[in-house]
Each structure stands twice: as structure tokens, then as C-alpha cells.
Amino acid sequence: VDELFSLSDIFRLCTDPDFLLQTIGCTSRSSIDRAHDWLIPVISSHPGTIDRLPPSASCFLLIRAYGNEGDKNNQLLELSAPLLRHVSDCLTGKFGDADAFLAADLLLADVAD
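Residues numbered from 1 in each chain as written. Predicted model: local features only at pLDDT ≥ 70, side-chain atom pairs only at ≥ 80, totals over all residues. Heavy atoms only, no water.

Caption draft 1: Up close: the overall build of the protein. Within the protein, the secondary structure is distributed over eight helices and zero strands. Walking the protein from its N terminus toward its C terminus, one meets helices and strands in the order α-α-α-α-α-α-α-α. Across the 113 residues that make up the protein, the buried fraction comes to 38%. Excluding contacts between residues fewer than 6 apart, the proportion of contacts in the protein whose partners are at least 24 apart in sequence is 60%. Accessible surface computed for the protein: about 6600 Å², of which carbon and sulfur atoms make up 59%. (Helix = DSSP H or I, 4+ residues; strand = E, 2+ residues; numbered from the N terminus. Buried < 20%, exposed > 50% of the residue type's maximum accessible area, 1.4 Å probe, protein only. Contact = heavy atoms within 4.5 Å. Areas by Shrake-Rupley, 256 points an atom, 1.4 Å probe, with all protein chains shown as cover.)

So this is what it looks like as C-alpha cells:
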């Protein structure tokens, strides 16, 4: 059915409602961590979806890209440029002051750990 109708692409790219964000759930670190295994292939096949991620997700994934998990990081390293751009946009307030403060707080907390 998916090959015939490309339902996975339709759901992945849909923004009203945003099935990607609804599937991730809340924007806590634990929900992003739980979504990590299926989220990476999604954003690898459609890098434009990075722009829809909340700051918590893009910060988490960017830091994870440079972590020490070996082969799991390869896909993330390939996405490091768009992730860095998204995190930078978050930090500079492109998505609002609240997201800028959240992104800075998350990054500083991760670096401190």
C-alpha cells in the first residue's frame, strides 16, 4: 500500500496536522531520545523536516552527532550542517525569544554534563 500511495511520505511531509511532531510527542529530552531511532532515517530522507523540529530536538541531535556512539552517529554527522543551521536559527531568535532561550539552556545543560 505504501509503495502504491506513498503514505509514509504523505504523513512525513504533512504539516497540518504535523504528524511528525505529534509522533515525537512532547519536546522533552526523553521523548526525543525515544524517537531517535526512527527520527534519524526520516530526517535523513527529508532534511527539510529539520526546520520543523523543536529546539530541544535539534540541539539534542546536534550534540549526539558528535557523541561517542560510533556508527549510530554517521547519519547524524551527515545532517550536522542543517542541524547546526537550525540550532543557530533557534539561538538567534528566528523562531522567537522563547525558543532562543530554550535552545541556549539546552545546549549549556548538555555541555555542562
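Caption draft 2: Layout of the state of the cysteines. The tally for this structure, following the rule as stated, stands at zero disulfides. With no disulfide of its own, Cys 59 lies closest to Cys 90 among cysteine sulfurs, the gap being 6.1 Å. On the accessibility criterion, Cys 90 (0% relative accessible area) is buried. (Disulfide = S-S within 2.5 Å.)

Caption draft 3: Spatial organisation of helix α8 (residues 97-112). For α8, with 16 residues, the first-to-last C-alpha span of 22 Å sits near the 22 Å given by 1.5 Å per residue. Turning to α8, its buried residues number three or more, namely Ala 100, Ala 103, Leu 106 and Leu 107. Down the axis of α8, the buried side of the element spans an arc of 135°, and every buried residue falls inside it. Of the residues in α8, the exposed ones pointing more than 90 degrees away from the buried face are Asp 97, Ala 98, Phe 101, Asp 105, Leu 108 and Ala 112. Those residues of α8 that are buried lie in contact with α4 (29-45), α5 (55-65) and α7 (80-91). (Expected span 1.5 Å × (residues − 1). Arc of directions from axis to C-beta.)

Caption draft 4: How the structure looks around the packing of α4 against α5. Where α4 contacts α5, the two axes come as close as 10 Å, and the packing angle between them is 75°. In terms of axis orientation, α4 runs roughly perpendicular to α5. Together, Arg 29, Ile 32, Asp 33, His 36, Leu 39, Ile 40 and Ile 43 of α4 and Ser 56, Ala 57, Cys 59, Phe 60, Leu 61 and Arg 64 of α5 make up the contact between the two elements. Per-class residue counts for the contact of α4 with α5 are eight nonpolar, two polar and three charged. (Axes fitted to C-alpha atoms, helices over the stretch in contact; angles between N-to-C directions. Parallel < 35°, antiparallel > 145°, perpendicular 65-115°, else oblique. Nonpolar A, V, L, I, M, F, W, Y, C, P; charged D, E, K, R; others polar.)

Caption draft 5: Representation of the side chain of Thr 49 within the structure. Mapping Thr 49 onto the fold places it in the loop between α4 and α5. When its relative accessible area of 2% is taken as the criterion, Thr 49 is described as buried. A polar atom in the side chain of Thr 49 sits 2.7 Å from the backbone oxygen of His 46. (Polar contact = N/O pair within 3.5 Å; in protein donor to acceptor, adjacent residues only side chain to side chain.)

Caption draft 6: A look at the nonpolar core. Ile 24, Leu 39, Ile 43, Leu 53, Leu 61 and Leu 83 are the most contacted members of the largest nonpolar core, which totals 24 residues. Among the secondary structure elements, those contributing two or more residues to this core are α3 (19-24), α4, α5, α7 and α8. Residue contacts for Leu 53: discarding those within four places in its chain leaves Leu 20, Leu 21, Ile 24, Leu 39, Leu 61 and His 86. (Core = buried A, V, L, I, M, F, W, Y, C linked by side-chain atoms within 4.5 Å.)

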